[in-house]
Amino acid sequence: MSAIDIFSLIVLCGLAWFWFDSSGAREAGIKAARFACETESLQLLDDTVAFASLKLMRNDEGRVALRRVYKFEYSDTGNNRRKGSVVLLGHRVVVVNIGLRLVTADTTLH
């Protein structure tokens, strides 16, 4: 095996790892978005999240991890589409943002 073959194999293995890792993170993002919408009595539209950004950051232990941001859409009335996002550091959900919503007088805050 030549050096080019070994390098190509390493690159392919790295890409395969990244693809599998990203699909696991995406599933964690979907679960977090679904849970946030269910908790706030919102409807998660399309039942999925879409990739928005990726960068390297340090986690709480000081290790380098991938920070992924996924966008999703939800509805509070059934007649509209609002935007939300999920931020993951590695596979750990850091933030779920469902944006600002109008709160009426009969809405119970918790």
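Residues numbered from 1 in each chain as written. Predicted model: local features only at pLDDT ≥ 70, side-chain atom pairs only at ≥ 80, totals over all residues. Heavy atoms only, no water.

A.B. asks: Explanation requested: the packing of aromatic side chains in the structure shown.
C.D. replies: The way to describe two aromatic rings as a pair is by their centre distance and the angle between their planes. For the coordinates displayed, the defined rule picks out three aromatic pairs. Pairing W19 with F20 gives two aromatic rings, centres 5.0 Å apart and planes at 70°, and the pair type is edge-to-face. Between F51 and Y70, the ring centres sit 6.1 Å apart and the planes meet at 75°, which makes this aromatic pair edge-to-face. Linking F51 in strand β1 (residues 43-58) with Y70 in strand β2 (residues 64-75), this pair joins segments that are 19 residues apart in sequence. On the accessibility criterion, Y70 (3% relative accessible area) is buried. (Phe/Tyr/Trp six-rings, centres within 6.5 Å; stacked < 30°, edge-to-face > 60°. Helix = DSSP H or I, 4+ residues; strand = E, 2+ residues; numbered from the N terminus. Buried < 20%, exposed > 50% of the residue type's maximum accessible area, 1.4 Å probe, protein only.)

A.B. asks: For this particular structure, what's the right way to read the nonpolar core?
C.D. replies: Taken as a class, soluble globular proteins show a tendency for nonpolar side chains to be buried jointly. Of all hydrophobic cores here, the largest spans 16 residues; its most connected members are A33, C37, V49, F72, Y74, V86 and I98. Listed by contribution, the elements that provide at least two residues to this core are α1 (3-39), β1, β2 and β3 (82-89). Ranked by residue count, the leading element in this core is α1, at seven residues. (Core = buried A, V, L, I, M, F, W, Y, C linked by side-chain atoms within 4.5 Å.)

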